[in-house]
Amino acid sequence: MAAADREPIIIVENLTARFGDDTILEGINLTVLPGEILVIIGESGCGKTVLLKHMIGLFTPCEGRVLVKGINLAGASDAERRRLRMEIGVLFQSGALFGSMTLAENIGLPISEYTSLPPEMIDLVVKMKLGLVNLAGHEHHMPAELSGGMKKRAALARAMALDPSILFFDEPSSGLDPVTAAGLDLLIKEINRILGTTMVIVTHELASIMNIAQRVVMLDKHVRGIIAEGDPRELKECSRDPRVIAFFNRQPPQTRTGDIHHG
Amino acid sequence: MTAPAERKSDLIRTRGERGETVKLLLSGRIALSSLGFYREEIRRRLEDLKPKELIVDLTNIEYLDSSGALLLLELERRAKDQAIVFSFDNMPDEVRHIMDLINPEALVATAAKTERKHGYVLEEIGEASEALYKDLIGVLTFVGEILDALFQAVRNPRLVRWEDVLFYVKRAGVDGLPILSLLSLLMGLIIAFMSSLQLKQFGANIYVASLVGIAIIRELGPMMTAIIVAGRSGSAFAAEIGTMKVNEEVDALVTMGFEPTQFLAVPKVLAAMIVVPILTLYSDFFGIAGGLLVGITGLDLTIHTYIQQTAKSVTLFDFGTSLFKSVVFAALIAGISCQRGLQVRGGAEAVGAATTSAVVSSIFLIIVADSAFAIIFYYVQW
């Protein structure tokens, strides 16, 4: 099915995010189509995570609105919010696994909260989810006993616990070695391809962007909004915007280069 | 959202005779939310039909996610366990791909359990003793470190972060005044009231003042103050340092060349040693005031008589020992709390455990030290 034929699964309309006197994002308009992998990129501090947290309902927009599957999280009723929570999974930057629970308990928690499955079935679903992220046999391990990559994969298993239709990732490959990061990227692509899960990913890892992104949205902290959007390869090769070129070619900011020249 | 019962059960149809080849036609959305229904309904139908061969037809499946695929795999496994010939019919490619995603070995993998194993009683006693021994060694090592750090602080006061000391003096001392004064006043009231019930019978009302004065100054003032400081500040010290450990802030200090004991523990210990004796005097004052209230309202004593009797009963030695004890209690509370914080390994749960342990260990040490002081002071002067 052509992308243009599909109804957007997430709509961000005229979003403004402000903290005190600091305006982080201003007048953002963005849509995410079902089944696509959208990657939000930009330099540190440009508001990528702020945008993501608005999409998952952790932040309420100062202006504008965010519709996820047609529901405005800011004004949603408890029942709508609960229904939507089942439809979205989030992988936080740190993994955010509960340190006092085993992996099985971490993954089983949303399942037991949102379904009435018997414990043996929950155990089986947990095992299956751990198998999906190549962590079979680790269900009784505590998060503190795992490496960084394993924690990320376990957190992904928890994010996928309820088979959500949208998965959000905040810096999925940060702190991982290139091989582990590439493995996680592959897993993300596989889940998207086979399960059709929509993915919204915040990252500034170039390798990941080129590897997994179907569409890229670039934010800029001076504009406080979107400065580029499109296929990552096209942006890298064809964009004439110096900020986009600098990002994809890993060039330091102009001012600093100037300082060095004059210094 | 929930379909009527008759329609919902239509999602699973069966064709074939009991004990023969049965075709199971599945339709609808097989997802985590409907997994319980499909699983239970299929189990019930198969128990009724007891097929020799089972064919699962997936032509009319509208939607299936990984949980749905898990249901199909589990159905296949159970059929094979019961020696039923099993096959899928009309499986769409999408469903096959999802089923391929699931690793069947993961479903039966033996978990590498790290749960506490239940050993023999002797083994558990041995493990507990070893843990106690290690804890004791840890405490003694820390005592050595803190004494060394304090000794260096005396030799070179510039090593001490005095801004931090003042901050903790305020937090442990000034901020704790309201609760301490209220509890001390009530404690004085209770002792005076309870003792007056007995002493009244002998016409010895005046000795209520002596009893309250001696009890508060020698024992209850320092003890109450120490317990409140342990609860308020000891727990805060342990939680603060424990959280810093979890966030690798303590490691950062070490890599920057700071000694964590000197940097984190010494200001807290010094602040506690400065502020707890002052709080103890404050507590003594309010405790005696509580007794005075009972004396003048319930025992017909005048303020002058009560204070004179208290002054007659309490010696300067009592004040001295009270303050000395409070300094020792302060060092014990702050020291053990910082040590418990620095012991934290792991995550949020370990911080909670360290906080609890800091308070329990502080109170334990306060009572042990107080018992030792009771014996020592008995022989020094009574």
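As shown above, the structure is provided for reference.
What you are looking at is a predicted structure, and each value in this text was computed from that prediction instead of being measured.

## Points about the overall build of chain B
In terms of helices and strands, chain B carries 14 helices and four strands. Against the 2.2 N^0.38 benchmark of 21 Å for 382 residues, chain B shows a C-alpha radius of gyration of 36 Å, more extended than a compact globule. Each principal axis of the C-alpha distribution contributes one length, and for chain B these read about 105 × 60 × 45 Å. In chain B, which comprises 382 residues, the share counted as buried stands at 44%. Counting every atom, chain B has about 20700 Å² of accessible surface; 63% of that belongs to carbon and sulfur.

## Section: the sheet that holds strand 3 (residues 37-41) of chain A
All names here are of chain A. The strand order 6-7-8-3-9-10 describes an open sheet built from six strands, whose pairing is mixed. In the strand order of this sheet, the two ends are held by strand 6 (88-91) and strand 10 (225-230), each with one partner. This sheet shows a mean twist of 15° between the axes of neighbouring strands, independent of strand direction. Taken together, the five bridges between strand 9 (residues 215-220) and strand 10 define a ladder with antiparallel strand orientation. By the bridge assignment for strand 10, Leu219 is matched with Ile226. Most of the contacts of helix 2 (residues 78-87) go to strand 6, to which it runs at about 60°, and overall it touches strand 6 and strand 7 (166-170). Of the strands in this sheet, strand 6 and strand 7 touch helix 5 (residues 148-159), which is tilted by about 165° from strand 6.

## Digging into the sheet that holds strand 5 (residues 71-72) of chain A
All names here are of chain A. Within the open sheet, the four strands sit side by side as 2-1-4-5. Their pairing is antiparallel. Two strands lie at the open edges of the sheet, namely strand 2 (22-32) and strand 5, each paired on one side alone. Pairing of strand 4 (residues 63-68) with strand 5, which is carried by two bridges, proceeds in the antiparallel orientation. By the bridge assignment for strand 5, Leu67 is matched with Asn72.

## Structural notes on the packing of aromatic side chains
Each aromatic ring pair is specified by the distance between its two centres and by the angle formed by the two planes. If you walk through the whole model with that rule in mind, you get 13 aromatic pairs over all chains. For the pair Phe247(A) and Phe248(A), a centre-to-centre distance of 5.6 Å together with 85° between the ring planes defines the contact as edge-to-face. We classify Phe248(A) as buried; its relative accessible area is 4%. Consider the rings of Phe285(B) and Phe286(B), whose centres lie 5.5 Å apart with planes at 85°: the pair is edge-to-face. Classification of Phe286(B) by relative accessible area gives partly exposed; the value is 21%. Joined through ring pairs, the aromatic side chains of Phe317(B), Phe324(B), Phe329(B), Phe373(B) and Phe377(B) make up one cluster.

## Overview of the pattern of salt bridges
Under the definition given, this model contains 31 salt bridges over all chains. The closest approach of N and O atoms between Glu40(B) and Arg43(B), which form a salt bridge, is 2.3 Å. Of this pair, Glu40(B) and Arg43(B) both sit in helix 2 (residues 35-49), three residues apart, which is roughly one turn of that helix. According to the relative accessible area criterion, Arg43(B) is partly exposed, its value standing at 30%. Close ionic contact of Arg218(B) with Asp318(B) constitutes a salt bridge, the shortest N to O distance being 2.7 Å. Of this pair, Arg218(B) sits in helix 9 (residues 207-246) while Asp318(B) sits in helix 13 (residues 316-342), and the two are 100 residues apart along the sequence. Using a relative accessible area of 3% as the deciding quantity, one classes Asp318(B) as buried. Linked by salt bridges that have partners in common, Glu120(A), Arg39(B), Glu74(B), Arg77(B), Arg78(B) and Asp81(B) make up one network.

## Comments concerning the pairing of strand 1 (residues 10-19) of chain A
Residues and elements named next belong to chain A. Summarising the sheet, strand 1 and strand 2 pair through seven bridges and their orientation is antiparallel. Across the sheet, residue Phe19 finds its bridge partner in strand 2, namely Asp22. Where strand 1 folds back onto strand 2 in an antiparallel hairpin, the turn is made up of two residues, including Gly20, whose phi is positive at roughly 65°. Two strands pair when backbone bridges link them, and strand 1 and strand 4 are joined in this way by five bridges, in the antiparallel orientation.

## As for the interface of chain A and chain B
If you look at the interface, chain A gives 26 residues, while chain B gives 25 residues. When the two sides are added together, the surface that chain A and chain B hide from each other amounts to roughly 2500 Å², 71% of it contributed by carbon and sulfur. For chain A, the biggest contributors to the area lost against chain B are Met128(A), His140(A) and Ile194(A); these three give 23% of the whole. Linking chain A to chain B there are one salt bridge. Here Arg39(B) and Glu120(A) are joined by a salt bridge, their closest N and O atoms 3.8 Å apart.

Cut-off values and rules
- Residues numbered from 1 in each chain as written.
- Chains lettered and ligands numbered in written order.
- Predicted model: local features only at pLDDT ≥ 70, side-chain atom pairs only at ≥ 80, totals over all residues.
- Heavy atoms only, no water.
- Helix = DSSP H or I, 4+ residues; strand = E, 2+ residues; numbered from the N terminus.
- Rg over C-alpha atoms; globule rule 2.2 N^0.38 Å.
- Buried < 20%, exposed > 50% of the residue type's maximum accessible area, 1.4 Å probe, protein only.
- Areas by Shrake-Rupley, 256 points an atom, 1.4 Å probe, with all protein chains shown as cover.
- Pairing = 2+ DSSP bridges.
- Axes fitted to C-alpha atoms, helices over the stretch in contact; angles between N-to-C directions.
- Contact = heavy atoms within 4.5 Å.
- Phe/Tyr/Trp six-rings, centres within 6.5 Å; stacked < 30°, edge-to-face > 60°.
- Salt bridge = Lys/Arg side-chain N within 4 Å of Asp/Glu carboxyl O.
- Buried area = accessible area lost by both parts, 1.4 Å probe.

No statement about biological role is implied by the geometric values presented.
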